[in-house]
Amino acid sequence: MLYKDRYDAALKLIPFLKKYKDENCVILAVPRGGIPIAYYIAKYYKFPLELLLAKKIGHPWNPELAIGAVSLEDTIIDERHTIPKPYITNAIKQIRKALAERQKKFMGDRMPVDIKNKTVIVIDDGVATGNTLEAAVKLIAKKQPQRIVVAVPVAPVEAKEKFN
């Protein structure tokens, strides 16, 4: 499916999310590309919109390969990779600093909405391998939502299968 822009992508995702319209939902938008799509969906369904403040830890020799993910509160590491501990520790520190700055910039002193026992809809503008999003979903799951729904307009079949 082709999209004119992120607004068009949002309009095409809206019908797929109709089954959640009466649930206690929170939308988590992946900065930056997911924010415009999430904005229109949240507005349409009158769901609260939050930023998904999580970022992948890239492999030292291939930064696009996610070896884990970091949020302000937690970390997930894929143990299949043998990465030196100092690299991971330094990456976590740098990522958390950047996430804290982003949270302050976009949210000020407002605390994020509690997602426990809620349906969380994660929205991004697209997925390549799905590894980064998969790690972010694992971080979200630790906060005990009722359900996690991933909604993206563009993803390869291999990535789509990770979230079914």
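Residues numbered from 1 in each chain as written. Predicted model: local features only at pLDDT ≥ 70, side-chain atom pairs only at ≥ 80, totals over all residues. Heavy atoms only, no water.

Let's talk about the environment of Arg 80
Tracing the chain through its elements places Arg 80 in the loop between β5 (75–77) and α3 (85–107). You can call Arg 80 exposed: its relative accessible area is 71%. The spatial distance from the C-alpha of Arg 80 to the C-alpha of Val 137 is 18 Å, given a sequence separation of 57 residues. (Helix = DSSP H or I, 4+ residues; strand = E, 2+ residues; numbered from the N terminus. Buried < 20%, exposed > 50% of the residue type's maximum accessible area, 1.4 Å probe, protein only.)

Considerations on the nonpolar core
Ranked by size, the top nonpolar core spans 19 residues in total, and within it Leu 17, Ile 27, Ile 37, Ile 41, Ile 121 and Ile 123 carry the most contacts. Taken together, the elements giving at least two residues each to this core come down to α1 (6–13), β1 (25–29), α2 (34–45), β6 (119–123) and β7 (147–151). Top contributing element to this core by residue count: α2, with five residues. Leaving out residues up to four positions away in the same chain, Ile 41 has contacts with Ala 10, Leu 13, Ile 14, Leu 17, Ile 27 and Ile 123. Among the nonpolar cores identified, the runner-up in size contains 13 residues, and Val 30, Leu 52, Val 122 and Val 152 belong to it. (Core = buried A, V, L, I, M, F, W, Y, C linked by side-chain atoms within 4.5 Å. Contact = heavy atoms within 4.5 Å.)

Details of the pattern of salt bridges
Inspection of every chain in the model, using the stated rule, returns 10 salt bridges. Measuring nitrogen to oxygen at the nearest pair gives 3.4 Å for the salt bridge that ties Glu 64 to Lys 56. One salt bridge connects Asp 78 with Arg 80, and the closest N-O pair in it is separated by 2.5 Å. (Salt bridge = Lys/Arg side-chain N within 4 Å of Asp/Glu carboxyl O.)

Overview of a positive patch on the surface
The grouping of Arg 32, Lys 55, Arg 102 and Lys 105 at the surface amounts to a positive patch. Tracing the backbone through its elements, the reader meets Lys 55 in strand β3 (residues 54–59). Exposure remark for Lys 55: the relative accessible area of 43% places this residue in the partly exposed category. (Patch = residues over 30% accessible without salt bridge, like charges linked within 9 Å, V, L, I, M, F, W, Y side chains within 5 Å. Areas by Shrake-Rupley, 256 points an atom, 1.4 Å probe, with all protein chains shown as cover. Lys, Arg positive; Asp, Glu negative; His and termini not counted. Charge placed at Lys NZ, Arg CZ, Asp CG, Glu CD.)

Things to note about the side chain of Asp 124
For Asp 124, the position within the fold is in the loop between β6 and α4 (131–141). No salt bridge is formed by the buried Asp 124, whose closest oppositely charged neighbour, Arg 6, lies at an N-O distance of 7.1 Å.

Describing a nonpolar patch on the surface
Taken together, Tyr 7, Leu 11, Tyr 39 and Tyr 40 make up a surface patch of nonpolar side chains, about 370 Å² in accessible area. Those elements that provide at least two residues to the nonpolar patch are α1 and α2. With respect to the helices and strands, the residue Tyr 7 is situated in helix α1. On the accessibility criterion, Tyr 7 (41% relative accessible area) is partly exposed.

Remarks on the packing of aromatic side chains
Within the structure shown, the criterion is met by four aromatic pairs. Judged by centre distance (4.6 Å) and plane angle (70 degrees), the ring pair of Tyr 7 and Tyr 40 falls under edge-to-face. In this pair, Tyr 7 is assigned in helix α1 and Tyr 40 in helix α2, connecting sequence segments 33 residues apart. Geometrically, the ring pair formed by Tyr 44 and Tyr 45 is edge-to-face, given 4.8 Å between the ring centres and 85 degrees between the ring planes. Using a relative accessible area of 53% as the deciding quantity, one classes Tyr 44 as exposed. Owing to a relative accessible area of 11%, Tyr 45 belongs among the buried residues under this scheme. Among the aromatic side chains, those forming a connected cluster through ring pairs are Tyr 7, Tyr 39 and Tyr 40. (Phe/Tyr/Trp six-rings, centres within 6.5 Å; stacked < 30°, edge-to-face > 60°.)

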